[in-house]
Amino acid sequence: MAPNSPWQHHRSASVADDIDFEIKGQELQFVEIELDPGESAVAEAGAMVWKDASVEMTTVFGDGSGGQGGGFMGKLLGAGKRLVTGESLFTTVFTHQGQGKARVAFAAPIPGAILPLRLADYGGQLICQKDAFLAAARGVSIGIAFQRKMMTGLFGGEGFIMQKLDGDGWVFVQMGGTVVERQLAPGEVLHVDTGCVAAFTSTVDFDVVAAGGVKSMIFGGEGVFFARLTGPGHVWIQSLPFSRLAGRMLAAARPYGGQSRGEGSVLGPLGNLFDGD
């Protein structure tokens, strides 16, 4: 096996299982996770592509991290957090019960990228769009992050609630289109289309600002607000949010056909006249 093989990395004692993995594919990716005996991976319900026979599958309430407490109410609370973010009440835990190595694979439901991130490298916490989580090593907790600012919650693209991933292990998040990572210095500000903010570390301040003058807001086709991200911290930007892809598909399926390039136009169909549709 080559020294730089993605199946290899230095293991260390941690709360989460220290799994090995490989991302495969280009635009329609899936992740293969390699498990040692007793190791587990947690994934969204319905994300599995295939698994070795020695990998047993168990459906659980919540995220399967074991951090919500052992009682029924603790598990119900963990499941309720997932329900608030628009996910299923259940996740699926895949545990290797045999000998040697075993693998299980999970696929993203949209064209784009699966990004592997070790939470320990980013302060142990990541804030993501609501449908970003795909899979993780057992021990990672999946919770909710509330937007405390009214304007950010209303116009920030993801609403008042986003996903919060806590722990020190590997997580696999799905993002649409091409993904770019930006590391912001303290006080550095980045303006991003509200739907293109895929994830950021907890040290980044997330707010919204007006996109410009009245003419830009109405006819610019870029929406009324931008997301304003202020460092320090890491930011991940996706080029094709699923909402934008779905909007284009709906526009193409309209009885009168055509496109809808002005996703953010407050004029609706009238805006299409000015956009050239």
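Note that the structure is predicted; figures quoted are calculated from it, not measured.

Engineer: Can you help me understand the packing of aromatic side chains in this one?
Structural biologist: Geometrically, a pair of aromatic rings is defined through the distance of the ring centres and the angle of the planes. By the definition in use, this model includes five aromatic pairs. Between Tyr-122 and Trp-236, the aromatic rings sit 5.2 Å apart at their centres with planes inclined by 75 degrees, giving edge-to-face as the arrangement. Of this pair, Tyr-122 sits in the loop between β8 (112–118) and β9 (125–128) while Trp-236 sits in strand β19 (residues 233–238); the two residues are 114 residues apart in sequence, bridging distant segments of the chain. Look at Phe-200 and Phe-206: their rings are 5.4 Å apart centre to centre, the planes differ by 50 degrees, and that puts the pair in the tilted class. Both residues of the pair, Phe-200 and Phe-206, belong to the buried class. Clustering of aromatic rings is evident, with ring pairs tying together Phe-21, Trp-170 and Phe-172.

Engineer: Explain the sheet that holds strand β2 (residues 30–35) to me, please; I cannot follow it from the model alone.
Structural biologist: Read from one edge of the open sheet, four strands run β1-β2-β7-β4, paired in antiparallel fashion. In this open sheet, the two strands that pair with only one neighbour each are β1 (20–24) and β4 (48–51). Averaged over neighbouring strand pairs, the angle between their axes works out to 20 degrees when direction is ignored. By the bridge criterion, three bridges tie β4 to strand β7 (residues 102–107) in an arrangement that is antiparallel. Looking across to β7, one finds that Trp-50 is bridged to Ala-105.

Engineer: Quick question: what am I supposed to make of the nonpolar core here?
Structural biologist: The tendency in soluble globular proteins is for nonpolar side chains to be buried side by side. Ranked by size, the top nonpolar core spans 20 residues in total, and within it Ile-19, Val-31, Ile-33, Leu-35, Phe-106, Leu-134 and Phe-172 carry the most contacts. For this core, the elements supplying multiple residues, two or more each, are β2, β3 (40–44), β7, β10 (133–137) and β13 (170–176). One finds Leu-115, Leu-119, Phe-133 and Val-171 within the second-largest nonpolar core, a separate group that totals 18 residues.

Engineer: Sorry, what's going on with the side chain of Glu-32 here?
Structural biologist: In this fold, Glu-32 is placed in strand β2. Exposure remark for Glu-32: the relative accessible area of 5% places this residue in the buried category. For Glu-32, the side chain forms a polar contact with the side chain of Lys-24, separated by 3.2 Å.

Engineer: Would you mind showing me how to read the pattern of salt bridges here?
Structural biologist: Between side chains of opposite charge, pairing is possible as soon as their charged atoms come close. One pass over the full model with this rule turns up six salt bridges. For Asp-36, the salt bridge goes to Lys-101, with nearest N and O atoms at 2.5 Å. Residue Asp-36 is found in the loop between β2 and β3, and its partner Lys-101 is found in the loop between β6 (90–96) and β7; the two are separated by 65 residues along the sequence. Residue class for Asp-36 comes out buried when judged on its relative accessible area of 17%.

Engineer: Before we go on, may I ask you to explain unusual backbone geometry in this structure?
Structural biologist: For the peptide bond that leads from Gly-231 to Pro-232, omega is 20 degrees, which places it in the cis range. The residue Pro-232 is located in the loop between β18 (225–230) and β19 in this model.

Engineer: I tried to follow the pairing of strand β12 (residues 161–166) on my own but got confused; where do I start?
Structural biologist: As a general feature of sheets, a regular strand has side chains that alternate between the two faces. Both β9 and β12 contribute to a ladder of four bridges, which runs antiparallel. Directly across from Ile-127, in β12, lies its bridge partner Lys-164. Summarising the sheet, strand β11 (residues 141–146) and β12 pair through six bridges and their orientation is antiparallel. What sits directly across from Gly-143, in β12, is Lys-164.

Quick notes on the rules
- Residues numbered from 1 in each chain as written.
- Predicted model: local features only at pLDDT ≥ 70, side-chain atom pairs only at ≥ 80, totals over all residues.
- Heavy atoms only, no water.
- Phe/Tyr/Trp six-rings, centres within 6.5 Å; stacked < 30°, edge-to-face > 60°.
- Helix = DSSP H or I, 4+ residues; strand = E, 2+ residues; numbered from the N terminus.
- Buried < 20%, exposed > 50% of the residue type's maximum accessible area, 1.4 Å probe, protein only.
- Pairing = 2+ DSSP bridges.
- Axes fitted to C-alpha atoms, helices over the stretch in contact; angles between N-to-C directions.
- Core = buried A, V, L, I, M, F, W, Y, C linked by side-chain atoms within 4.5 Å.
- Polar contact = N/O pair within 3.5 Å; in protein donor to acceptor, adjacent residues only side chain to side chain.
- Salt bridge = Lys/Arg side-chain N within 4 Å of Asp/Glu carboxyl O.

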